[in-house]
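Residues per chain are reported as follows:
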Amino acid sequence: MTVYGNFPGSRPRRLRTTPAMRRMVAETRLDPANLILPAFVREGIGAPVAISAMPGVVQHTLDTLRKAAVDAVSAGVSGIMLFGVPEDAKKDARGTAGTDPEGILQLGLRAVRQEVGDDLVVMSDLCLDEYTDHGHCGVLTADGRVDNDATLERYAEMAQVQADAGAHVVGPSGMMDGQVGVVRDALDQTGHEDVSILAYTAKYSSAFYGPFREAVGSSLKGDRKTYQQDPANARESLRELALDLDEGADMVMVKPAGPYLDILAKVADAVDVPVAAYQISGEYAMIEAAAEKGWIDRDAAILESLTGIRRAGAQMILTYWATEVAQRLGRSGS
C-alpha cells in the first residue's frame, strides 16, 4: 500500500499496544470498593440452599451469612445488602414478619454487625414483598390494589426495626410514592439520624427479576406494573429522582443495571450524591447460563458487564459476583 505524507496522522492504536499501556490509559477503573454483595438469609434451614436459577448463589443460614460477610470484608467489598426469606407459614397480608424484631432479616442484620462491625456497610432491603402472602410490595385494598399510603405506614415500622437491628443503610425498594420521606422521618424520630437511605429511585418492572423470585421464595400473584416503572419511560426516572432527593435520599439507585445504562447515565449526570446500580438476578443468570454452555468467556463477560455499568456512571454496583470479582481484582492489582 502506498502511504501518502503522514497518513494516517492519528493512530489511536498506539495506546492499545500492550496490557500495561491499556491499563495506564484506561478511562474507567473497577475497584473492590465499588462493589456491594446482595445476600439472602433464610429462616428454618440448617444448611445453605442452592438457588437453581442462579448457579453459585445460595440462601444462607445465619452462620454461613456471617462467613459470607467476613469473606466480603477480606476481599475489599464495601457493602452487603441483605434480603430475608421467612418461612411460608409466617407470611400474611400485611407482611408482619418484616417488622418483627426477631424476624429473619433483623436476625441477619444483627448477625452480620456482630461479625464484622463497621468493616462492611450493612444494608437492608426495606420492602414487604418477601413477607406478604400475596407477594406484593405493600398492603392491598379490598379490591386487590396496592394501597400506597397504608404501605408507607408499614415502611416506617420496617425502617425502625431494621435500624434497631444494626443496618447502616436502608433501601426502600417498593416504589411507593413518598417512601423516602416517610422512611427519613421514621428514622429521625427514633434516634437513627445517622442511618442512610439508598433510594431505589428508578426501579423498572422488568422481565429480568425471575431468578430473584426463586431466591426470596416469592408468593407473587400478578405483576407490579402499577408501581414499578414502565421500561418504555426515561423522563419519568428523572421525576422520581427529583422527588427522592427532595425527600432526603442520601444515595440513589437504578435497577436493573445492564438494560438501563441510558437511565443510569442520565441519573449520574444529574446528581451530586452517590449513584448505585443493581446488576440483577436475570443479568447474572444469563451470563452464567451462556458460560455453562461454552458460548462466552465467563470471567471476561463478568468484568465487561461490570465495567460497562461503572462507565455509565455507577459509583456502587450491587452484584452477586461482588466477592469473587473483588478477589480477582485484588490478585490482578487492578
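Residues numbered from 1 in each chain as written. Predicted model: local features only at pLDDT ≥ 70, side-chain atom pairs only at ≥ 80, totals over all residues. Heavy atoms only, no water.

1. A closer look at the overall build of the protein chain
Along its length, the protein chain carries 11 helices and 10 strands. Expected size for 334 residues packed as a compact globule is a radius of gyration near 20 Å; at 21 Å, the protein chain falls within 12% of this value. Seen through its C-alpha atoms, the protein chain measures out along the principal axes to roughly 80 × 45 × 40 Å. A buried classification covers 50% of the 334 residues belonging to the protein chain. Pairs at least 24 apart in sequence give 74% of the contacts found in the protein chain among residues at least 6 apart. Counting every atom, the protein chain has about 15,200 Å² of accessible surface; 50% of that belongs to carbon and sulfur. In the protein chain, 33 side chains carry a positive charge and 47 a negative one; their mean positions are 10 Å apart. (Helix = DSSP H or I, 4+ residues; strand = E, 2+ residues; numbered from the N terminus. Rg over C-alpha atoms; globule rule 2.2 N^0.38 Å. Buried < 20%, exposed > 50% of the residue type's maximum accessible area, 1.4 Å probe, protein only. Contact = heavy atoms within 4.5 Å. Areas by Shrake-Rupley, 256 points an atom, 1.4 Å probe, with all protein chains shown as cover. Lys, Arg positive; Asp, Glu negative; His and termini not counted. Charge placed at Lys NZ, Arg CZ, Asp CG, Glu CD.)

2. Quick notes on the packing of aromatic side chains
On inspection of all chains with the given rule, the structure shows seven aromatic pairs. Between F83 and Y278 the ring centres are 6.5 Å apart and the planes differ by 50 degrees, which places this aromatic pair in the tilted class. Of the two residues, F83 sits in strand β4 (residues 79-85) while Y278 sits in strand β9 (residues 275-278), which places them 195 residues apart along the sequence. For the pair F83 and Y278, a shared accessibility class is recorded, and that class is buried. Ring pairing ties together the aromatic residues F40, F83, Y278, Y284, Y320 and W321, which thus form one cluster. (Phe/Tyr/Trp six-rings, centres within 6.5 Å; stacked < 30°, edge-to-face > 60°.)

3. Focus: a nonpolar patch on the surface
A contiguous nonpolar patch, built from L15, M24 and V25 and spanning about 290 Å² of accessible area, is present on the exposed surface. As for its placement among the helices and strands, L15 is situated in the segment before α1 (19-25). On the basis of relative accessible area, L15 is assigned to the partly exposed category, the value being 46%. (Patch = residues over 30% accessible without salt bridge, like charges linked within 9 Å, V, L, I, M, F, W, Y side chains within 5 Å. Salt bridge = Lys/Arg side-chain N within 4 Å of Asp/Glu carboxyl O.)

4. Section: the side chain of E43
Topologically, E43 is positioned in the loop between β1 (35-42) and β2 (49-50). Of note is the side chain of E43, whose polar atom sits 3.1 Å from the backbone nitrogen of E87. Here K90 takes part through its side chain, which lies 2.5 Å from a polar atom of the side chain of E43. Look past the residues within four positions of E43 in its chain and what remains in contact with it is V85, P86, E87, K90 and I104. (Polar contact = N/O pair within 3.5 Å; in protein donor to acceptor, adjacent residues only side chain to side chain.)

5. Regarding the pairing of β9
Neither face of β9 is open: one carries V275 and A277, the other A276 and Y278, and all of them are buried. Pairing between strand β8 (residues 251-255) and β9: three bridges, direction parallel. Of the residues in β9, the one forming a bridge with V252 is V275. In this fold, the crossover linking β8 to β9 by way of helix α8 (residues 261-270) has right-handed handedness. (Pairing = 2+ DSSP bridges. Right-handed = clockwise from strand over helix to strand, strands pointing away.)

6. A closer look at the side chain of T201
Tracing the backbone shows T201 in strand β7 (residues 196-203). A relative accessible area of 1% places T201 in the buried class. Contacts of T201, omitting those with residues within four sequence positions, involve M175, Q229, S237, E240, L241, D244, V252 and M253.

7. What about helix α7 (residues 235-247)?
In an α-helix there are 3.6 residues to a turn, and that puts residues three or four apart on one side. In this model α7 runs 19 Å from its N-terminal to its C-terminal C-alpha over 13 residues, within 8% of the 18 Å that 1.5 Å per residue would give. Considering only its buried residues, α7 is in contact with α5 (179-189), β7, β8 and α8. Downstream of α7 by one or two residues, G248 has phi in the positive range, about 110 degrees. (Expected span 1.5 Å × (residues − 1).)

8. A short note on the nonpolar core
Within the largest apolar cluster, 97 residues are counted, with the highest numbers of intra-cluster contacts made by F40, I80, Y155 and Y278. Considering every element that reaches this core, the biggest residue donor is β1, with six residues. Residues in contact with Y155, not counting those within four places in the same chain, are L126, C127, L128, C137, G174, M176, Q179 and V183. (Core = buried A, V, L, I, M, F, W, Y, C linked by side-chain atoms within 4.5 Å.)

9. Considerations on the pairing of β8
By the criterion of burial, β8 is predominantly enclosed, with five of the five residues buried. Of the two faces of β8, both are covered, the one formed by M251, M253 and K255 as well as the one formed by V252 and V254. Bridging between β7 and β8 involves five bridges; their strand directions are parallel. Along β8, the bridge assignment pairs K203 with K255.

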